Amino acid sequence: MSHIIRIEGSSTAVDAEPGDTVLDALLMAGVGFSYSCQAGNCGTCRCELVSGDILELEYSEHALSAEDRARGVVLACRAQVWGDVTVRRLDDEEFVVHPSRILDCRVTAVEKATHDIWRVRLDIRTGGPYAFSAGQYASVEFPFARGKARDYSMANAPFEPGIEFHVREMSGGAVSSGLGEKLAVGDAVRVSGPFGSAHLREKHFGPVIAVAGGSGLAPIRAILVALDQLLDERPVHVYVGARTEADVYCEDEIRGLARLHPDWHVHWVLSHGEPDPGRARRTGLVTDAIAQDFTTFEGFKAYVAGPPAMVGAASELLQARGLPLRDLHADAFYPADRKASAPSEEVSIP
Ligand SMILES: Cc1cc2nc3c(=O)[nH]c(=O)nc-3n(C[C@H](O)[C@H](O)[C@H](O)COP(=O)(O)OP(=O)(O)OC[C@H]3O[C@@H](n4cnc5c(N)ncnc54)[C@H](O)[C@@H]3O)c2cc1C
Ligand code: FES
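Residues numbered from 1 in each chain as written. Chains lettered and ligands numbered in written order. Predicted model: local features only at pLDDT ≥ 70, side-chain atom pairs only at ≥ 80, totals over all residues.

Caption draft 1: Seen up close, the site of ligand 1. Around ligand 1, the structure places 27 residues, and the nearest of them are Gly173, Ala174, Val175, Ser176 and Pro335. Taken together, the elements giving at least two residues each to the shell around ligand 1 come down to β9 (150-153) and β10 (163-168). (Near = placed C-beta within 6 Å. Helix = DSSP H or I, 4+ residues; strand = E, 2+ residues; numbered from the N terminus.)

Caption draft 2: Quick look at the domain arrangement of the protein. Each assigned domain of the protein is listed with its residue range as follows: domain 1 (3-95), domain 2 (101-195) and domain 3 (208-336). Taken over C-alpha atoms, the centre of domain 1 sits 30 Å from the centre of domain 3. Between domain 1 and domain 3, the contact holds 11 residues from the first and 9 residues from the second. Here the side of domain 1 that touches domain 3 is composed, by residue class, of 4 nonpolar, 5 polar and 2 charged. (Domains from an automatic or database assignment. Contact = placed C-beta atoms within 7 Å. Nonpolar A, V, L, I, M, F, W, Y, C, P; charged D, E, K, R; others polar.)

Caption draft 3: Geometry of the nonpolar core. Among the nonpolar cores identified, the biggest contains 101 residues, and Val22, Ala76, Ala210 and Ile223 are the most heavily contacted of them. Examining the composition of this core, we find that 9 residues originate from one element, helix α4 (residues 217-229), more than from any other. Not counting residues within four places of it along the chain, the set of residues in contact with Val22 comprises Ile5, Ala76, Ala79, Val81, Val85 and Val87. (Core = buried A, V, L, I, M, F, W, Y, C linked by C-beta atoms within 7 Å. Buried ≥ 20, exposed ≤ 12 C-beta atoms within 10 Å, placed from the backbone.)

Caption draft 4: Fine view of the sheet that holds strand β15 (residues 282-283). Within the open sheet, the 6 strands sit side by side as β15-β14-β13-β12-β16-β17. Their pairing is parallel. Of all strands in the sheet, those with a lone pairing partner are β15 and β17 (328-332), marking the two edges. The pairing of strand β13 (residues 236-242) with strand β14 (residues 264-270) spans 7 bridges and is parallel. Within the sheet, the bridge partner assigned to Val238 lies in β14 and is Val266. Against the sheet, helix α5 (residues 251-259) engages β13 and β14, with an angle of about 155° to β14. Across the face of the sheet, helix α6 (residues 286-293) comes into contact with β12 (208-213), β13, β14 and β15 while running at roughly 150° to β13. (Pairing = 2+ DSSP bridges. Axes fitted to C-alpha atoms, helices over the stretch in contact; angles between N-to-C directions.)

Shown next, in the form of structure tokens:
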């Protein structure tokens, strides 16, 4: 017997099979709902459980605080439906929906950005127009790895032509490893999207902190290019973590943008090795540099992207210094094989 999921304050009512997650059922029915990792890691799909029977699957403590949990907030991607359910959106104001598209694209450039990061540029041949918000990602299928779609963040702002991805080679990775030898100009690439909610909130006029690690600079670049075009100025603090000088890329471009704005501040932080002579860089962990510079993040919006460990550490620090979870927009680059979870706790709200 199927159940019904309702969204309070709207006429939305969709069918769900027992065991579906709230998020899966809403997306299957074409209802727009904020989400990103679909694995209980990012907190983007938080919503209030108004009534109904759910079984909560395992989730990360960074995605849902104990306080939120105690006041009935759940993760839609972790909430399995075992009866009729009503949920309430938490962030109606920030809710953006772009139509999901399947695009046939062609590679126009594959450029080496560092020893292990490739900048891949695509032209859209069919399936467009492609509307997205700066900071979102897409599911990408390269011709040499059919059936192995992987998520990559758009590195370009929506108003820049084509699509750009920054792909970091993972050793042994089915898709990313050796990408530069496997992909050539003219190759056909299938792109589905956009996805994710770690996108720029243009209507937030307070200060911004943007934190990137490795190829996490892709969505952060998109957000910075989009911020640069907004008419109203706000303080912007950019922290990019790289292992060594050899892992630094996109620097001239980002510093060039920062020079156009009196209150933009850019820091590259090397975790291993020393900066090249003449380069004013900090060393150590990017999170330590942030901790040295700020005592509070009240009133900020934070955008964080990159390896899960760095995103987790940065998210913890930002929240410990007063950033509410609703103002934290993070994409951890989890590998495709980390999207499975096991049941943990049963919840019922009459
Ligand atoms: C929302 C989102 C956005 C992303 N955006 C980007 C992006 O813009 N640029 C980018 O380079 N990547 C991005 N990723 C990661 C990307 O989707 C792939 O996971 C990555 O390219 C590895 O794919 P693969 O097929 O080469 O490796 P797989 O064959 O899937 O994995 C090979 C091995 O490497 C391990 N592994 C894979 N990725 C990681 C990792 N990040 N950390 C630790 N171990 C890992 C796997 O566990 C496995 O053991 C994103 C991921 C998500 C979820
Ligand atoms: S926690 Fe649900 S989408 Fe990330």
